[in-house]
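Descriptive analysis of the structure
Okay, here's what each chain looks like letter by letter:
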Amino acid sequence: MIKFISGTDSFYLSTDNSSYVIKILKDDMLCHRYYGQKISAEETELPYLCGRKSNSSGEFLDEENTCFVSKENTPFEYPVFGDGDLRNPAMITENRFGQRTSRLIYKSHRITKGKKSLSPLPSFDVGTEDVDTLEIILSDSVSGYEVSLFYSVFEKEDAITRRAEIRNTSDTDIKILSAQSMSVDFEPRDFELITLNGAWARERYIERRPITAGSLAIESRRGATGHQGNPFAALVDKNTTEDSGISYGFALVYSGNYKAAAEVDQYGSLRFQIGINPFNFDWTLAPGETFVTPEAISVFSAEGLNGMSRRFHNMCRKHLGKSAASLKRPLVINSWEAMYFDINDRAVEQFVNNCKGLDIDTFVLDDGWFGVRDDDSTSLGDWFVHKTKFPDGLKNVVRVCRENGMNFGLWFEPEMISPKSELFKAHPDWCIHVENKKPLESRSQLVLDMTRGEIIDFVYDSVAAILDEYDISYVKWDMNRNITDIGSAALPAEKQDEFYHRYILGVYELMHRLTEAFPHVLFEGCAGGGGRFDFGILYYMPQIWTSDDTDAIERLKIQYGTSLVYPTSAMTAHVSACPNHQTRRTVPFKTRGDVAQVCNFGYELDVAKLSDDEKAMIKEQTALHRKLEDLIATGDFYRIDSPFETEFCSWELVSADKKRAFAVFATQKVTANRGGYYLKLKGLDPEKIYRINGKLKLHGDTLMNYGLPAADNPTDFSTVTFELEEE
Ligand code: DGJ
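This section reports on the structure supplied with the text. Just so it is clear, the model here is predicted, and its values are computed rather than measured.

Counting its regular elements, the chain contains twelve helices and 40 strands. Each of the three principal axes of the chain carries a C-alpha extent, and together these read 85 × 70 × 45 Å. A burial count over the chain gives 61% of its 727 residues as buried. In the chain, the proportion of contacts linking residues at least 24 apart, taken out of those at least 6 apart, comes to 68%. Total accessible area computed for the chain in this model is approximately 26,400 Å², and 49% of it derives from carbon and sulfur atoms. Taken as two groups, the 82 positive and 109 negative side-chain charges of the chain have centres that lie 2 Å from each other.

Below, the structure is given as structure tokens:
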């Protein structure tokens, strides 16, 4: 619900459990008033700037005209540079005189039903919910532009999506040096910051740290969101746990350079912002033009981190483009770790035939099928079939898949070009580069300049030609390097700093065109594993290859961390061969299956090398996964034991009607002579009686409060699973 309360000049936004209040203060300053647990609309009469001190950066008399308040100490809804607020601005602009001072004041507002699509820029959509949108229009008196702040309220999910649009209503160019998607100020409070950080093969580890005076930021300067961080941050109280306490979760629907920053000022007030990274960003806005920031989302939970995650998960699964579409998620077998570049018609035919009877839906032919690609040093951009490996094209592979009752999927890395390729010979200037410098290679590859329309057209045509020619139901879209040598031959000097954002807009345009033209194809995101795992990609591709690390024990932390924001239906997880190719660790086949089960499940190994027992286990695992598909698509996910804090790791999916649940309990490393351990399930109906693994019968309250014995003599890397059905 969104209300404008004219008596107090306040906007009151409310969800089922939270309120967000904005107030127009004297001189039309737009100020933030409150964000948190639900409060009554009528109480917006409360004294507002109480206790705020005057400093020396622009004073004004408070509402009661009793004392002076400093702008430096005023919570602005969209703070700008140069007008007395010396903390992080949400926006910095520069006018034709090279001056950066702005003064943004309230002009008007409208409240409308529904929510506009920003396509091809990804954004959340209303789905079946009744969503209201507030637009507050601000105007700048110095350079003559307008800013619209948009707020869309998703009541059931306690979520608010936000963005800013900047319109140049003056008659000369202005430059935007920073335009954050959202800014929010909090009264002094001992918050902690949670972020997801890591590296290749250990993405999205949970980091939690106190926020003290000064600035704390996570960001990407890589051209993509990256393995090292994620465009997400949570502000939580010190006592917030998985299941209790306050959490504010913020995320960006964006796949390029981002920044999320928290700043604590001299009085302990906290400002949080998230948006495009202002680093190397400078956007020229001509008269009449509009700049749209990516969308940000905030969710509020008074039910701890699990509550925050469930709200993010629901927003993703119900309101985010292809993630909310009902494309069936196939159970796949992928060629990469099984064969790497050692693929050809006969080998693939044999590989697929070996999968007979295992109930696998789709065979995915990974890297190495195109150009003359026999290793990773050539052919990116040459999206035609490797003639030596597949003399008759991919017809035979498709036929063999069909004969075995399987669909066919194919790997592409559309944004790349190998210096050794036909494409490079024809268009050496299509890679991202600057004059007088040989661009840096990474994995022997360069990046295509996706800011250029003719390059987007070329990649579209090449990928579409293959998708038209062969019966393909699945595409794995990889992206294996960071972007360097920033520069575009197609942009004038004053627009070179628009490159990073224009790059990702170009990628979104390509994704938009391909996913629209091939609606039956399931596109899976990938970036050297999970290097671009964000809501931007999930708008176009409902699932992402979570990490190149396929070791089940490593995956506990990766999947646990990823689940803080993203549902398990967004993660792909495969059972791979042991010793594991990344860690050389050997983990039981059962554990490998159990850890992957709650995600989009599959295999990445050579079935011919498995024992009969292991093959039999594949049949059990695929049968179990069929039973879990619904739970993964619509169930509530609960983290139970953290692999970052204990020797165990456990999680659980519970159906919306609480009639079914599935829990996985893993032991990372056994402690000698440890006492017993009871797994306390979550989210069940206390009064329902559940049958566990077809045997034991217990009430929901017993299972949640007393628990189930879970670590009776465990061994390193072992798992126990519990399937619960209402009796
Ligand atoms: C990186 C991906 O994450 C892998 O799964 C695989 O597709 C390789 N690229 C292929 O080059």
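Moving on, we get to the packing of aromatic side chains. Per the counting criterion, the structure on display carries 45 aromatic pairs. Ring-pair connections join several aromatic residues into one group, and the members of that group are Y20, Y35, Y151, F186, F191, Y248 and F300. The ring of Y460 has R513 sitting right over it, with the charged end atom 4.6 Å from the ring centre. Looking at R639, its charged tip hangs above the ring of Y560, at a distance of 5.9 Å from the centre.

Before going further, it helps to spend a moment on the site of the ligand. Surveying the vicinity of the ligand reveals 13 residues, the closest of which are D366, D367, K476, D478 and D548. D367 places a side-chain nitrogen or oxygen 2.6 Å from an oxygen atom of the ligand. In this structure, an oxygen atom belonging to the ligand sits 2.7 Å away from a side-chain N or O atom of K476. In isolation the ligand offers 290 Å² of accessible surface; the protein chains occlude 98% of this area. Along the lines of polarity and charge, the residues of the shell around the ligand split into four nonpolar, three polar and six charged.

What follows concerns the pairing of strand β4 (residues 30-37). For β4, a buried count of six out of eight residues is recorded, marking the element as mostly surrounded by other parts of the structure. Direction of pairing for strand β3 (residues 18-24) relative to β4: antiparallel, over a ladder of seven bridges. Bridge pairing links S19 to G36 in β4. Where β3 hands over to β4, the hairpin turn is made up of five residues, of which D27 adopts a positive phi near 60 degrees.

Take the state of the cysteines next. For the coordinates displayed, the defined rule picks out zero disulfides. Considering cysteine sulfurs only, C599 is the nearest to C316, which forms no disulfide, with 13 Å between them. Among the cysteines around C401, which has no disulfide bond, C355 carries the closest sulfur, lying 8.7 Å off. Residue classification places C401 among the buried residues on the basis of a relative accessible area of 0%.

Parameters and conventions
Residues numbered from 1 in each chain as written. Predicted model: local features only at pLDDT ≥ 70, side-chain atom pairs only at ≥ 80, totals over all residues. Heavy atoms only, no water. Helix = DSSP H or I, 4+ residues; strand = E, 2+ residues; numbered from the N terminus. Buried < 20%, exposed > 50% of the residue type's maximum accessible area, 1.4 Å probe, protein only. Contact = heavy atoms within 4.5 Å. Areas by Shrake-Rupley, 256 points an atom, 1.4 Å probe, with all protein chains shown as cover. Lys, Arg positive; Asp, Glu negative; His and termini not counted. Charge placed at Lys NZ, Arg CZ, Asp CG, Glu CD. Phe/Tyr/Trp six-rings, centres within 6.5 Å; stacked < 30°, edge-to-face > 60°. Lys NZ or Arg CZ within 6 Å of the ring centre and 35° of its normal. Near = heavy atom within 4 Å. Polar contact = N/O pair within 3.5 Å; in protein donor to acceptor, adjacent residues only side chain to side chain. Nonpolar A, V, L, I, M, F, W, Y, C, P; charged D, E, K, R; others polar. Pairing = 2+ DSSP bridges. Disulfide = S-S within 2.5 Å.

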